[in-house]
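Letter by letter, the chains look like this.
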Amino acid sequence: MSSITITRPDDWHLHLRDGEQLRAVLPHTAKQFARAIIMPNLKPPVVTVDRVLAYRARILAALPASLQSGFEPLMTLYLTDNTPPSEIIRAKESGVVQGVKLYPAGATTHSDAGVTDIAQCYATLEAMEQNNLPLLVHGEVTDPDVDVFDKEKVFIDRILAPLTQRFPDLRIVFEHVTTRDAVAFVKESSSHVAATITAHHLLLNRNAIFQGGIRPHHFCLPVLKREIHRQALLEAATGGDPKFFLGTDSAPHSQASKENACGCAGIFTAHAAIELYAAAFEQAGALDKLEAFASFHGADFYQLARNKDSITLNKESWVIPEQLEFAGEKLIPLFAGESLAWKMV
Ligand code: DOR
Ligand code: ZN
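Residues numbered from 1 in each chain as written. Chains lettered and ligands numbered in written order. Predicted model: local features only at pLDDT ≥ 70, side-chain atom pairs only at ≥ 80, totals over all residues. Heavy atoms only, no water.

## With respect to the overall build of the chain
Using the following cut-off: Secondary structure counts use DSSP, requiring at least four H or I residues in a row for a helix and at least two E residues in a row for a strand, with both numbered from the N terminus. The reference for a compact globule is 2.2 Å times residues^0.38; the radius of gyration itself is calculated from the C-alpha atoms. We call a residue buried when its accessible area falls under 20% of the maximum for its residue type, exposed when it is over 50%, and partly exposed in between, using a 1.4 Å probe and counting protein chains only. For accessible areas, the Shrake-Rupley method is used with a probe of radius 1.4 Å. Any residue's cover is judged against the shown protein chains and nothing else. Charged residues are defined here as Lys and Arg on the positive side and Asp and Glu on the negative side; His and the ends of the chain fall outside this count. Note on charges: their place is set at NZ of Lys, CZ of Arg, CG of Asp or CD of Glu.
On a plain count of helices and strands, the chain comes out with 11 helices and 13 strands. Taken over the C-alpha trace, the chain has a radius of gyration of 19 Å; the compact-globule value for 345 residues is 20 Å, and the two agree within 12%. Expressed as a percentage of its 345 residues, the buried residues of the chain come to 57%. As presented, the chain carries roughly 13,600 Å² of accessible surface, and 49% of it is formed by carbon and sulfur atoms. Charged side chains in the chain number 32 positive and 40 negative. The centres of these two groups are separated by 2 Å.

What follows is the structure in structure tokens.
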């Protein structure tokens, strides 16, 4: 096969940042995807519908003229212990909020305003359940006594499984799943529970963090896991199950903040998102399953129309740039300087 054409995909989990950084990274995504679910972990976080609307306007204003009509940001509200149920009603009525993001406080980048105790949010979650507004979950516990590689599994047991029992009609996206435990949980759950899978978790296992020395550009949260887990993710992504769909979690940080004694978590993949997924699917011998995963399952779960136009990937080797411009700093993309087999036309 030398070329594949698929319905234009959407990215169901993306970090765009703000200001100059937003302007630097947005074109990468807007060239490939029709829509993206935009994460609200800014500083300050996007905790009200007013902030959502203002952020959405900044994203639209940052789109280059050539991409102006072709890309739609789908917005999320950042859940806190104090988000009132009335804000859920406002979010629903705004028509632009597609989900509410749960960050356990302290779990990851700019999550300190997140939820300290899920019980504080029950009334708000009930409002989401009643108003059919999905909960998007960063599924890791923050308990310092839990091993970093077990944080996702323990989150399922302690928080997520009980939550699905308490709110059976709440639609939940388990974001960036990284373990076979998470895959099994999603499969066993009702049709209200789905998951995104990143390209980097499909392509890399935890050895990549320590390949010949410490590799800060392979550090993200949830952290890369063992090979058995990567295999389970690949099976889930390529298996045709509509509960699994594309979410890059592309998360830009400057080179200086990554190559640092306390480096930030996040892998930037927007420069070659669909090509990276194509590489993973090709490795699994399942390129024919890419379209449903990238372009159908997410839209169906979010109850949005599938895209009508298409993109084409050619089998054409190209080299990923060593670095990208990032608001006066440098951004190191995943697989900088390495070659990829597929290229979007
Ligand atoms: O690696 C990550 N980076 N994981 C997250 O959950 C947040 C993200 C970011 O915003 O940098
Ligand atoms: Zn994320």
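Read on for the rest.
## Considerations on the side chain of K225
We count it as follows: We call two N or O atoms a polar contact when they sit within 3.5 Å, provided that within protein one can donate a hydrogen and the other can accept it, with sequence-adjacent residues counted only if both atoms are side-chain atoms. We call two residues in contact when some of their heavy atoms are within 4.5 Å.
On the secondary structure map, K225 appears in the loop between α7 (199–203) and α8 (227–238). At 2.9 Å, the side chain of K225 forms a polar contact with the side chain of T178. Look past the residues within four positions of K225 in its chain and what remains in contact with it is F149, T178, T179, N205 and R206.

## Structural notes on helix α3 (residues 85–94)
The cut-off we apply is this: The directions considered for the arc are those from the helix axis to the C-beta atoms.
Among all positions in α3, only E87, I88 and A91 are buried. The buried residues of α3 all sit within an arc of 105 degrees when viewed along its axis, so they share a single face. On its buried face, α3 sits against α2 (49–62), β4 (72–78), β5 (97–102) and α4 (122–130). Where α3 terminates, the next one or two residues include G95, which has phi positive at roughly 75 degrees.

## Some points on the site of ligand 1
Rules: Any residue with a heavy atom positioned within 4 Å of a molecule or strand is treated as near that molecule or strand. Only Asp, Glu, Lys and Arg are considered charged in this grouping, and only Ala, Val, Leu, Ile, Met, Phe, Trp, Tyr, Cys and Pro are considered nonpolar; every other residue, Gly among them, is considered polar.
Around ligand 1 there are 13 residues in total, and R17, N41, T108, L221 and H253 lie nearest to it. Interatomic distance of 3.3 Å between a side-chain N/O atom of H15 and an oxygen atom of ligand 1. A265 is positioned with one of its backbone polar atoms (N or O) 3.0 Å from a nitrogen atom of ligand 1. Protein contacts shield 99% of the accessible area of ligand 1, which totals 290 Å² for the unbound molecule. For the shell around ligand 1, a count of residues per class yields 4 nonpolar, 7 polar and 2 charged.

## Description of the coordination of the zinc ion (ligand 2)
Geometry sets the ideal angles at a metal, namely 109.5 degrees for four tetrahedral donors and 90 or 180 degrees for six octahedral donors. Rules: As a rule, N, O and S atoms within 2.8 Å of a metal are its donors, except that Na, K and Ca use 3.2 Å; water is not among the atoms, so sites may look incomplete.
The coordination sphere of the zinc ion (ligand 2), as far as protein atoms go, consists of H13 (NE2), H15 (NE2) and D249 (OD), spread over 2.0 to 2.1 Å. In primary-sequence terms, the residues that donate to the zinc ion (ligand 2) follow H-x1-H-x233-D. With H15 in the loop between β2 (11–14) and α1 (19–32) and D249 in the loop between β9 (244–246) and α9 (255–258), this pair connects stretches of sequence that are 234 residues apart. Classification of H15 as buried rests on a relative accessible area of 8%.

## Some points on the pattern of salt bridges
Note the threshold: One side-chain nitrogen of Lys or Arg within 4 Å of one carboxyl oxygen of Asp or Glu is enough to make a salt bridge.
One pass over the structure, following the stated rule, counts 14 salt bridges. Across the pair D18 and R58 runs a salt bridge whose closest N-O atoms are separated by 2.7 Å. A residue pair is termed long-range when its members are at least 10 positions apart, and D18 in the loop between β2 and α1 and R58 in helix α2 qualify at 40 residues. Salt-bridge contacts for E325 lead to K330; the nearest nitrogen and oxygen are separated by 2.5 Å. We classify E325 as exposed; its relative accessible area is 55%. Among the charged side chains, a network of salt bridges with common partners joins D50, E87 and R90.

## Details of the packing of aromatic side chains
Defined as follows: Aromatic pairing here means that ring centres of Phe, Tyr or Trp (its six-membered ring) are within 6.5 Å. Orientation follows from the plane angle: under 30 degrees is stacked, over 60 is edge-to-face, and everything else is tilted. Over a ring means this: the NZ of a Lys or the CZ of an Arg is within 6 Å of the ring centre and within 35 degrees of the ring normal.
In total, this model carries 10 aromatic pairs according to the counting rule given. Ring plane angle 35 degrees and centroid distance 5.9 Å describe the contact between F245 and F301, whose orientation is recorded as tilted. One end of the pair, F245, is in strand β9; the other, F301, is in helix α11 (residues 290–301), and 56 residues separate them in sequence. The exposure classification of F245 matches that of F301, with both residues buried. Above the plane of the ring of F301 lies R171, whose end atom (NZ or CZ) is 5.3 Å from the centre. The ring centre of F149 lies 4.5 Å from the NZ or CZ of R206, which sits over that ring.

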